[in-house]
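# Secondary and tertiary structure notes
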Amino acid sequence: MYERERLELVDKLSEKGINDIFVLKAIGEVERHLFVPKAMKHHAYKDIALPIGYGQTISQPYTVAFMTEALMLKPKFKVLEIGTGSGYQAAILFKMGIQVYSIERQFEIYSATRKLFDHLGIHVNTKCGDGTIGWDEFAPYNGIIVTAGSPNIPSSLKKQLLIGGKLVIPVGDKNSQILKIITKLDEDEFDIMDVPQFSFVPLIGREGWNQK
Ligand code: SAH
């Protein structure tokens, strides 16, 4: 279903500057309409964010593609995602042959998406909890992707990154953020590239925003 719409979306993202063929291939394969509420299905292949309930959103396909491309991934890489949400971003990573670890703080979203992954045969390791402190047990990661806006760069995430690995995180206030693409050069040495202008829901947790 929606095959033509998916290919049109791939064309649009490629026109907008997404080059990584593995990212574009995954966008062409993952059925985004299965990750949005039923009433939104006919909007699933538009390049827009959509509400998924509980005040949260599924990110815009361009944003998913841009952040994934920024991670510069190779198959078998280990990636930690903070903010599982609908599961779409994690599904894209899984399709690219990545070992995915994903954390979601809201239990209702966590359990609905866990069920969806099982139903679709998407093998993603999930956990319900505060992702701002990372997932130490499986660290270090080749890449870490934060899909909610943070007031700062959580130090735990920098620690859990492999040397040479990349952390992609929106940092700013609650309405708008700059995407930081951070490369770990050495244990305490980081290269940071800024890309304006993004708008994510807030990252809430010990090393993110405090209140609900
Ligand atoms: N990657 C998702 C985008 C979800 S929106 C997708 O593809 O659909 C961001 C998600 O981050 C929300 O579900 C929100 O509940 C979650 N979130 C916010 N703060 C968090 C935290 N500290 N740890 C884990 N998840 C968090």
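Note: the structure precedes this text.
Figured I'd write up the structure that's included with this text. Just so it is clear, the structure is predicted and the values come from calculations on it, not from any experiment.

The rules we used
Residues numbered from 1 in each chain as written. Predicted model: local features only at pLDDT ≥ 70, side-chain atom pairs only at ≥ 80, totals over all residues. Heavy atoms only, no water. Helix = DSSP H or I, 4+ residues; strand = E, 2+ residues; numbered from the N terminus. Buried < 20%, exposed > 50% of the residue type's maximum accessible area, 1.4 Å probe, protein only. Polar contact = N/O pair within 3.5 Å; in protein donor to acceptor, adjacent residues only side chain to side chain. Contact = heavy atoms within 4.5 Å. Pairing = 2+ DSSP bridges. Axes fitted to C-alpha atoms, helices over the stretch in contact; angles between N-to-C directions. Salt bridge = Lys/Arg side-chain N within 4 Å of Asp/Glu carboxyl O.

### Brief notes about the side chain of Q106
- Structurally, Q106 is set in the loop between strand 4 (99–104) and helix 5 (107–120).
- Residue Q106 is classed as buried on the basis of its relative accessible area, which comes to 11%.
- A distance of 3.5 Å separates the side chain of Q106 from the backbone oxygen of Y54, its partner in a polar contact.
- If near-sequence neighbours (up to four positions away) are discounted, Q106 is found in contact with Y54, Q56 and C128.

### Section: the sheet that holds strand 5 (residues 125–128)
- One open sheet holds the seven strands; their spatial order is 5-4-3-6-7-8-9, and the pairing between them is mixed. Edge positions in the sheet fall to strand 5 and strand 9 (189–198), since each of these pairs with one other strand and no more. If you compare each strand with its neighbour and ignore which way they point, the axes differ by 15° on average.
- Here strand 3 (residues 78–82) pairs with strand 4 via five bridges, running parallel. Its bridge partner lying in strand 4, K78 is registered against Q99.
- Packing against the sheet, helix 5 makes contact with strand 4 and strand 5, and its axis sits at approximately 160° to strand 5.

### Concerning the pattern of salt bridges
- The final tally for this structure, using the stated rule, is seven salt bridges.
- The partner of E8 in a salt bridge is R4, and the shortest N-O contact between them spans 3.1 Å. Residue E8 and its partner R4 are located together in helix 1 (residues 3–15), separated by four residues, close to a single helical turn.
- Taking the relative accessible area as the measure of exposure, E8 reaches 44% and is therefore partly exposed.
- Residue R4 is classed as exposed on the basis of its relative accessible area of 56%.
- Close ionic contact of K184 with E187 constitutes a salt bridge, the shortest N to O distance being 3.1 Å.
- The exposure class assigned to E187 is partly exposed, which follows from its relative accessible area of 44%.

### Quick word on the pairing of strand 9
- Looking at chain direction, strand 8 (residues 177–186) and strand 9 are connected through eight bridges and run antiparallel. Looking across to strand 9, one finds that T183 is bridged to D191.
- Between strand 8 and strand 9, which pair antiparallel one after the other, the connecting turn spans two residues.

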